[in-house]
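Chain by chain, the residues:
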There are 2 protein chains.
Amino acid sequence: MISAHWSNNNLQPLHNSDLFWLDLSLVLMLLLFIYFVDLLPAKNGEEPTMQFLLEVVEILTNYIRKTFDRSTKVLDFHHPHQLLEGMEGFNLELSDQPESLEQILVDCRDSLKYGVRTGHPRFFNQLSTGLDIVGLAGEWLTSTANTNMFTYEIAPVFVLMEQLTLKKMREIIGWPDGEGDGIFSPGGAISNMYSVMIARYKFFPEVKTKGMAAAPRLILFTSELSHYSIKKASAALGFGTENLILLNTDERGRVIPADLEAKVIEAKQKGYVPIYVNATAGTTVYGAFDPINEIADICEKYGMWLHVDGAWGGGLLMSRKHRHKLNGVERANSVTWNPHKMMGVPLQCSAILVRERGILQGCNSMCAGYLFQPDKQYDVTYDTGDKAIQCGRHVDIFKFWLMWKAKGTVGFEQHIDKCLDLSAYLYNKIKHREGFEMVFNGEPQHTNVCFWYIPPSLRGMPDGEERRKRLHKVAPKIKAMMMESGTTMVGYQPQGDKVNFFRMVISNAAATRSDIDFLIEEIERLGHDL
Amino acid sequence: MISAHWSNNNLQPLHNSDLFWLDLSLVLMLLLFIYFVDLLPAKNGEEPTMQFLLEVVEILTNYIRKTFDRSTKVLDFHHPHQLLEGMEGFNLELSDQPESLEQILVDCRDSLKYGVRTGHPRFFNQLSTGLDIVGLAGEWLTSTANTNMFTYEIAPVFVLMEQLTLKKMREIIGWPDGEGDGIFSPGGAISNMYSVMIARYKFFPEVKTKGMAAAPRLILFTSELSHYSIKKASAALGFGTENLILLNTDERGRVIPADLEAKVIEAKQKGYVPIYVNATAGTTVYGAFDPINEIADICEKYGMWLHVDGAWGGGLLMSRKHRHKLNGVERANSVTWNPHKMMGVPLQCSAILVRERGILQGCNSMCAGYLFQPDKQYDVTYDTGDKAIQCGRHVDIFKFWLMWKAKGTVGFEQHIDKCLDLSAYLYNKIKHREGFEMVFNGEPQHTNVCFWYIPPSLRGMPDGEERRKRLHKVAPKIKAMMMESGTTMVGYQPQGDKVNFFRMVISNAAATRSDIDFLIEEIERLGHDL
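These figures come from a predicted structure and were not determined experimentally.

Reading guide: rules and limits
- Residue positions are counted from 1 within each chain, in the order its sequence is given.
- For naming, the first written chain is A and the first written ligand is 1, with later ones following in the order written.
- In keeping with the model being predicted, local features are shown solely for residues with a pLDDT of at least 70 and side-chain atom pairs are shown and tallied solely at 80 or more, while totals for entire chains, interfaces and linings include all residues.
- To get the side-chain values, take all heavy atoms of the structure and skip hydrogens and water.
- Contact criterion: two residues are considered in contact whenever any of their non-hydrogen atoms come within 4.5 Å of each other.
- Here the quantity called buried area is the total loss of accessible area, with a 1.4 Å probe, experienced by two parts when brought into contact, counted for both.
- What counts as a salt bridge is simple: a side-chain nitrogen of Lys or Arg found within 4 Å of a carboxyl oxygen of Asp or Glu.
- In protein, a polar contact requires one atom able to donate a hydrogen and another able to accept it; more generally it is a pair of N or O atoms within 3.5 Å, and residues adjacent in sequence count only if both atoms are side-chain atoms.
- A run of H or I in DSSP counts as a helix once it spans at least four residues, and a run of E counts as a strand once it spans at least two, with each numbered from the N terminus.
- Alignment of the copies relies on least squares applied to C-alpha atoms, considering only residues that score at least 70 for pLDDT in both.
- Interaxial angles span 0 to 180 degrees and are taken between N-to-C directions of axes, which are lines fitted to C-alpha atoms, for helices over the stretch in contact.
- Crossings are sorted by hand: turned counterclockwise from the far helix by less than a right angle, the near helix makes the crossing left-handed, and turned clockwise it makes it right-handed.
- Each residue receives one of three labels: charged for Asp, Glu, Lys and Arg, nonpolar for Ala, Val, Leu, Ile, Met, Phe, Trp, Tyr, Cys and Pro, and polar for the others, Gly being one of them.
- Expected span of a helix, by definition, is 1.5 Å for each gap between consecutive residues, and there is one gap fewer than residues.
- Between buried and exposed lies partly exposed: a residue is buried under 20% and exposed over 50% of the maximum accessible area for its type, with that area taken using a 1.4 Å probe on protein chains only.

J.: Quick rundown of the interface of chain B and chain A? Include the residues and the values.
T.: Contacts between the two partners involve 158 residues from chain B and, on the opposite side, 158 residues from chain A. Between chain B and chain A lies a buried interface of about 14200 Å² when both sides are counted; carbon and sulfur atoms form 65% of it. Run the count over chain B and chain A and you get 10 salt bridges. Taken together, the connections running from chain B to chain A amount to 64 residue pairs in polar contact (both at pLDDT 80 or more). Considering every element that reaches the side of chain B that touches chain A, the biggest residue donor is helix 3 (residues 46–67) of chain B, with 12 residues.

Laid out in structure tokens, this is it:
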């Protein structure tokens, strides 16, 4: 079984190297008897280490080649119990004794084999898709450097890259001279949590020391269609989800500003204190952009913090054609922007950007002298640790910085314009197509295209409870067949009173019009007889 | 300048491959004219992609070789302004236009060149040190898979690995049958934050919806020497840092249980409600282990949640010889344990483990139907997203799982025993050595060895303000010289009324007795004339 694995292997030994590369068969035989303890830092560990890493790279490059090959499946689906019971040669259980490095390589290959190819041109399941080669190289380097962002001392290059990149992002947002602050966090939910914490600190700094008891009843506002992280933050930070007021949206999923103002007034009349509004730039399902300028007017009028959750839509700021959808973002007090979504940066890469300098530090610093010594030989204002709610912090900046170098600002713009063009192509193709029904009318604002597929059996049926009930089951059934055939992946969900519908999103640089065509036809093929 | 870079390059072309590898000089010339847009998914992008990635791997493997080579410096120190002004050929600024892939490779090489070799055998600066080759391979694979932990749907293998590994960790903690729950989080600070959130939810679940106003004044307890993340959590979550009571410690830095009980009683007398005690297993500076059993008795008596912060010391549970230092950990309600510290797993890898099943879900779930559809074709109890405060979550498990496979439980045990032996070696070597003074007496509990170096000029001086003032400056001066000469790195800090002292920690698998000898002699060499 293992030999069968190896016979499929493309590995070719290097020749004429100072590493004395061995003949292929010898390498493999050797790895059978080589264990973890033989690798660096072991004495004479250099040769097996290089052999082992080269084998791993061979597995990874094969995987990358196949990822971009449309004749490869997106996934080879197995149920949890199947993987838990163990597939041939692949056993997830951990044991007391070490396995040989040959088995470790088999484990690597199998872990990829039973996973999902999120970089496949036909993977459309998430907001983060695609496999950016330069970003990937950046991640490989980051893991090799294996350091921590919390001080300049141990991450001098990465700390400066973060500072420069955040400044560039603030310039693009439109804050004067790119002034302000920010930090990369482990994802949009944490970035949004930061925004709520900072807003609270701005208006009620005493909460940091005295707790929520020191403040009156504080009210937060967000769209009924916003990301659930705002709700999670309101629970975690001690506001309570009941003090997060949900705002009504129009037919396209955008916050209705008049509803915000009415709810602010209502809260104030009850004696509560509205402090924070989240405007979403690119909602998760509809891809809707809340009207930031109108919301900013209300925030200014009532003295509230304006946060823009651009986790998904922030990337559009890179496009001269599409950035108008975030008009007013420069009036925000803070912005969440995830390069790991629309900009194609590998996970994780999320920034929280703050207009006012010093407030991030003020909110989070604990001045732990044992971690951040003021008497170092360099300018310690570059140490970032005390601004974060984390202590150790993964280096998320390098891959992004490297991609920016490699693509230039224009490269990101082209990527975003292309994805939005593709979604317009999809929209135009299905809006009048038989068997397809749009969830809302008009061209999508983002790459989100929301639609129902109506199987022939439901097409003549009058709208009503029975049709709704049956339609609700269509998307899950098609999705299940899709996953089992492994041909493509797209998400579905219900929303409000709308039964399950497909939400197509495009952030994958590998996707083309032919993949969009494929998706449509695949849905028709799988759903035809439902 | 670039050609000089290349002449040092060890890259050897592959021969006889189905990829048609070109001659070395041709490859390099080609990359000069090849840009990001020529890589996959571009048409005919496979060949330049493989060339580019192979070049990157060449840079990384050279770096790895040098990392373990003691004749290489730990770092090549530059001040922030020097790096910002730009070193020869290395410019951090981002531009609108793309750079060639050749320049990108130079950027990669330079980013490593001006960084810090955290895997170097003489890097002792942090709790996370070393460069584990299998862990590194695991990270490379993780980046290549580039997926997200929030559903089984897109991370089937990784989600199951996380589940199995967390169960194994709970078994090692000693919870019956490994029952309970847990999740990997982006670091110990976030894991500790989870513990406070869950404890609050246990006693006052209504805070989730109504906010802190629904609870009486809640009190948390932790050691005066515990990690600052407990304080950060108390601020962030709305308790307020004043409601975090700091506990007195003995001369070795361990919490005095009687002080806890007295402070609990005092808080209750004031009408406050004590709910949470953090016992640290391995404090940051002293490496002290709080007496968990005695603290657990008090927690049981007064009905408080017991959390054990084993971010640093949790690894000792893998050692039959040292795990007794955490006796009582099985009585904890929750445990933080960072494999990325003492177990040598690459950053980030931190687990929060919870004894009671369901409470993590209860505390954090928002039941966002648009993210976690209940009508999927597989068993959705494997979806982890709604347990987390994050939405997207980086795959931190694979490298750890792979290391466990490769080392076995016994491999981790050997690593930990070896590190503790080394620290005992250091302790025994300096405890009576002229010019060294221990910060506390007795063999260290963890690998932390805390000491002052007393330069000859201070040796005869009587204890007093003048000596303290001068001694306070010794460690920073030695550290600065150390960094500028690049020979080794070790941390220092003041603590309480103690002036700056060195804190040596050993978690690096590459370190040997000769490196410890080197460190001692280097401190003497650099500090002799101060």
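J.: Explain the relation of the copies chain B and chain A to me, using residue names and the numbers behind them.
T.: Each of the two chain copies can be brought onto the other by rotation about an axis and movement along it. Turning chain B through 180° and shifting it by 0.0 Å along the axis lays it on chain A, with an RMSD of 0.0 Å. Here the copies are linked by what is in effect a two-fold axis. By C-alpha distance to the rotation axis, the residue of chain B lying nearest is Leu237 of chain B, at 2.0 Å. Looking at chain B, 100% of its interface residues are interface residues in chain A too, so the copies touch through the same face.

J.: Summarise the environment of Arg393 of chain A; cite the residues concerned and give the values.
T.: Residues and elements named next belong to chain A. Tracing the sequence through the fold places Arg393 in the loop between helix 13 (359–364) and helix 14 (397–430). Spatially, the C-alpha atoms of Arg393 and Met149 are 5.2 Å apart, while their sequence positions differ by 244 residues. Apart from the residues within four sequence positions on either side, Arg393 is in contact with Thr147, Asn148, Met149, Glu162, Ile183, Phe184 and Thr384. For Arg393, the side chain forms a polar contact with the side chain of Glu162, separated by 2.7 Å. A polar side-chain atom of Arg393 sits 3.0 Å from a polar atom in the side chain of Thr384.

J.: Give a detailed account of the packing of helix 6 (residues 133–145) of chain A against helix 14 of chain A, specifying residues and quantitative values.
T.: Residues and elements named next belong to chain A. Contact geometry of helix 6 with helix 14 gives a least axis separation of 8 Å together with a crossing angle of 140°. For the pair helix 6 and helix 14, the sense of crossing is right-handed. Contacts between helix 6 and helix 14 pair Val134, Gly135, Gly138, Glu139, Leu141 and Thr142 from the former with Phe398, Lys399, Leu402, Met403 and Ala406 from the latter. Each residue belonging to the contact of helix 6 with helix 14 can be placed in one class, and the counts come to six nonpolar, three polar and two charged.

J.: Give a description of helix 7 (residues 156–173) of chain A that names residues and reports values.
T.: For helix 7 of chain A, with 18 residues, the first-to-last C-alpha span of 26 Å sits near the 26 Å given by 1.5 Å per residue. Burial runs high along helix 7 of chain A: 15 of the 18 residues are buried.

J.: Lay out the side chain of Thr249 of chain A in plain terms, naming residues and giving numbers.
T.: Residue and element names in this part refer to chain A. By secondary structure assignment, the location of Thr249 is in the loop between strand 4 (244–247) and helix 11 (257–269). One polar contact links Thr249 to Glu224, side chain to side chain, over a distance of 2.6 Å. Apart from residues no more than four positions distant in its own chain, Thr249 is found in contact with Ser223, Glu224, Leu225, Arg254, Val255 and Ile256.

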